[in-house]
Structure formats: C-alpha cells, structure tokens
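The chain contents come next:
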Amino acid sequence: MTPLFSLRSRFWFICLFLLSTQLLNAQWAPLVSDGDAAQRIAWWREARFGMFLHWGVYSIPGRGEWVQWVEQIPADQYAKLADQFHPQRFDADAWASIAKAGGMKYMVLTARHHDGFALFDDPGSSFTAMKSAAHHDFVADYVKAVRKAGLGVGLYYSPLDWRFPGFFFPGIYQPNAIELREQYERQLDELASHYGKLDILWFDGGGNEWLGFGGVEFAGGWHARPKDKPYSGSFDWQDVKTVAHLRQLQPGLILNDRTNAPADFRSREGDGALGDFDNQHPWELCTTITEGAWGYQPDAKVKPLAQLLQLLVGAAGRDGNMLLNVGPRPDGQIDSAQASRLREIGQWLSLNGESIYGTRGGPWLPGAYGVSTHNGKLVYVHVLHPPQDSRLVLPTLPVKVVKATVLQGSDVAFEQTAQTFILNLPPSSTDTIDTIVKLELAEPWTTSAVILVPAQ
C-alpha cells in the first residue's frame, strides 16, 4: 500500500469488498468444497472461452432442438428421424479446427439432448447413433479430435428424456421414472468408462427443479408448480450417488450445477443472463452465435461480431467464462456463416487475448464505461462505451499505476490521486467494439477485492 492513499480511502475500499462478498455468498447455494476443487477448475477459469455444439436428429427438420416438444411430435414418429441420420460430411477434426481458429480453449458436445437420441453407443437403448442410418459413434470421433487439438473435452448430457412419462409424473409412473433413472446411470457410466479422459460434463434438464417438467399439483384444483419450487415427491434422482460414481471414474472432471449434486461451476443461459460480477463462484454464460434456437436452423441470423465480443468481454470482466453455441447442419458441417464469425472472434483474440485468457475480473466492477480484468501486475480496462470527451474517470486504485497504454497501441496519459484515476484516451485509439487500456502496476493485484464504479 503506497502513502498516496488515505486511511479513509482504504476503509471505504475494504467495506465495498466485504459488502460485495456478503451479497455474493447469499446469492447461490454452495458449490463443491473438497480440497481439490480449486485445482480441478483452475485450467477452466484460465481458458475463459469455449464452443458449445447442439447436434442430433433434431438438426434434420432444422427447427431447433426442441422441435419434438414444441410441435408435439409423437415419439414413434420422431424416432424415424434416426433412419435419415447419416451425416456424410461430419468431420470432428474440422470442428476442433474451427474452435481453435475461434480462440476457444474447450468444447462441449450434446452427447444426448432431451429427445433421448444418443450420439454414442449404449447397448441398452435403441435410440442411438450406432443404431441410426449412420451406424457410427460420433462421441468417439469427437473426443479423439478435441483431445488431439489440445482443447478441453466436454460432453453435454440431459437426464430428461421426453419419451418417458415417468419424468413428467414420477409419482404415478414411478416404475417408468426408475427406468429413466437407470438409463441416466447407465449412460453416464458408458460415457465415463469408454472414451478416455473427459474434462467437463455439462448437465441439463436434471435435478428437482426440472423433474416433472414444471409439473402440475393438486391443492384445491390442478395448477402448475411454481417455477421456483423444486419437485418434492417420493421419487429421487439419486444424483449425489450417481455423480459420486462419475467422479470416481473421472477424478478430474468438472460439472455444472443442473443436478441435485454439488457442482464445480454455475450456469447462466442466454445473452440476457450475463448478470452481475461474481468472483466467489466459478460461473459460465452459455449463449448462441445465432438468433433463435440452439440446434440448426437454415435461415438463422448470425449475431454481429460486436455483440458477441462484448458478451465475451462482459463475461470475463464479471469473472466468468463464455460458452458460445453453434448448431451444425444435418450433414455434420458447421454452417459457413457461423464458422466465419468464429474466425473473426479468433482474429480479435489473437490481438487482444492477453486481456481475456488467464485473467480474473476486476479490480473495477462493471459500469457504464465497460469492465476490467487483471493478471498479476497488469490490469486491462475494457472501455466498451467511451466517454464523449475521451476522459474516463474511475475511483482510484490502492496501488500505484506506473504506465498506461492502449493495447497494441500508444501510451495513454493518466492522473492518479487519492480519490480518482483518470485516463485521457487518445481520440484515435477509440475502438468501436472495445478500447482496451493496459495498466502496469507497481505490485501485483492478488486480492479478490473489488471497487464499485459510481454511475456517471
């Protein structure tokens, strides 16, 4: 701590840190707390950016991954899509190459979505890629290609299966619900036992929040179960037991929070769920590269580069990751417009990645100006909304700033007092997407403390 800062300033700074920590701890239930938790997820927090892939028989009609549910297609009729599933242009190495070109560090593929179709081999199910027209295990190729590319290997899995009435009414159809649970346990065992080391298991559609699909209750009349009220009937997913077995088979695996079992990281879904800063719990924003569904739609509009980059930067500045989804075509190829946008993101990251990869959010909290990230003695101010007069005023840092430069650019004049830190941005440096100012500090920023940026 330098003499530049008064005792009052330091007290104000510490109070902000304690207040923010209390609010964050009250926000969510605890995650895993074992001794290996921090080490297990360290690589993932440094990676910051990954690729999500929604692909299955729902890609054939091209109306999104929820097409069976939305259009209420009978299960036996929907199952016939497997007879058409023969993606002759599937190339897992090409997927991994596009992810690397996009600057992504890990990938997550929908091994099985809510429709019940598995992209892997399960001898106990008739609705798998091995029993489709393709007669192929796509998860095997995917895992091999992703590992060869040096990326983190992730699989998405949904315990929910629309073919099982026991999911919707687990009390009345409990034998069927138990059959669904047995499929869940069996298929997780298949994935964990036959494909080598996995890095991420991304759950969806599980846990008591989903069980019963929102459900109906009878209390003086039928009504929908409130969204914030978990299922509390006699059926039990037995997630804790199943996940414990999964961790025995894959000790380094990290899991998200969409089951009843303790998880390694939190999930936020959709552009609008970017949310608040949180450096107390690992978290990830998952969203789509296109407007609309997660699964393939032939006319889906690809989001603008600026929108996607500001989401990525916004997640990093809030101390989270971003998992960006693409929906490969029925033939297995990633649509050219989506691939092109990913390459544009990768080009931006090739120049500015040091401000994203390996960083943590802060020290300044997000504000009207944008966000900040840091790594050791370096702080990156991401000015997403430059002030009209090019003079950015922030609360001071309790560490001396020795230099400021525009990333990949010229020096930036600054003033640091006991109360304020002012950056005088050169007009020519203003980037329409993200002006990044790199600050060199006299000592590393190793605290998890954060500084509130008042509204201007």
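One can find the structure itself at the top, above this paragraph.
**Focus: the side chain of Thr 359**
Logical step 1: Looking at where Thr 359 falls in the secondary structure, it is placed in the loop between α12 (336-352) and β11 (360-361).
Logical step 2: A polar contact of 2.8 Å, which involves the side chain of Thr 359, links it to the backbone oxygen of Ile 356.
Logical step 3: Look past the residues within four positions of Thr 359 in its chain and what remains in contact with it is Arg 48, Glu 354, Thr 373, His 374, Asn 375 and Tyr 380.

**Things to note about helix α5 (residues 92-101)**
Logical step 1: Ala 92, Trp 95, Ala 96, Ile 98 and Ala 99 are the residues of α5 that are buried. When α5 is viewed along its axis, its buried side chains cluster within an angular range of 160 degrees and face the same direction.
Logical step 2: Lining the buried residues of α5 we find β1 (49-53), β2 (106-112), α6 (138-148) and α12.
Logical step 3: Looking at where α5 begins, the residue whose side-chain oxygen comes 3.0 Å from the main-chain nitrogen of Asp 93 is Asp 91.
Logical step 4: Directly beyond the C-terminal end of α5, a positive phi value near 80 degrees is found at Gly 103.

**Quick look at the environment of Gly 206**
Logical step 1: Looking at where Gly 206 falls in the secondary structure, it is placed in the loop between β4 (200-203) and α9 (207-210).
Logical step 2: Looking at Gly 206, the relative accessible area reads 4%, which means it is buried.
Logical step 3: Residues Gly 206 and Arg 258 lie 52 residues apart in sequence; the distance between their C-alpha atoms is 5.7 Å.
Logical step 4: Every residue in contact with Gly 206, bar those within four places of it in the chain, is listed here: Pro 159, Trp 237, Arg 258 and Thr 259.

**Quick notes on the sheet that holds strand β16 (residues 413-416)**
What links the strands of a sheet is backbone hydrogen bonding, and the strands pair in either a parallel or an antiparallel sense.
Logical step 1: An order of β14-β17-β16 is seen for the 3 strands of this open sheet, with the pairing classed as antiparallel. A single partner strand is all that each edge strand has here, and the edge strands are β14 (391-395) and β16. Pairwise comparison of adjacent strand axes, ignoring direction, gives a mean angle of 15 degrees for this sheet.
Logical step 2: Where β14 and strand β17 (residues 420-424) come together, 5 bridges link them in antiparallel fashion.

**Examining the packing of aromatic side chains**
Logical step 1: For the structure shown, the criterion picks out 28 aromatic pairs.
Logical step 2: Seen in terms of ring centroids, Tyr 78 and Phe 127 are 6.4 Å apart; in terms of plane orientation they differ by 70 degrees. Their pairing is edge-to-face. Of this pair, Tyr 78 sits in helix α4 (residues 75-79) while Phe 127 sits in the loop between β2 and α6, placing them 49 residues apart in sequence.
Logical step 3: For Phe 127, a relative accessible area of 5% translates into the label buried.
Logical step 4: Joined through ring pairs, the aromatic side chains of Trp 66, Trp 69, Tyr 157, Trp 162, Phe 167, Phe 168, Tyr 184, Phe 203, Phe 235 and Trp 237 make up one cluster.
Logical step 5: Here Lys 105 stacks its cationic end above the ring of Tyr 357, 4.5 Å away from the centre of that ring.

Calculation rules
Residues numbered from 1 in each chain as written. Predicted model: local features only at pLDDT ≥ 70, side-chain atom pairs only at ≥ 80, totals over all residues. Heavy atoms only, no water. Helix = DSSP H or I, 4+ residues; strand = E, 2+ residues; numbered from the N terminus. Polar contact = N/O pair within 3.5 Å; in protein donor to acceptor, adjacent residues only side chain to side chain. Contact = heavy atoms within 4.5 Å. Buried < 20%, exposed > 50% of the residue type's maximum accessible area, 1.4 Å probe, protein only. Arc of directions from axis to C-beta. Pairing = 2+ DSSP bridges. Axes fitted to C-alpha atoms, helices over the stretch in contact; angles between N-to-C directions. Phe/Tyr/Trp six-rings, centres within 6.5 Å; stacked < 30°, edge-to-face > 60°. Lys NZ or Arg CZ within 6 Å of the ring centre and 35° of its normal.

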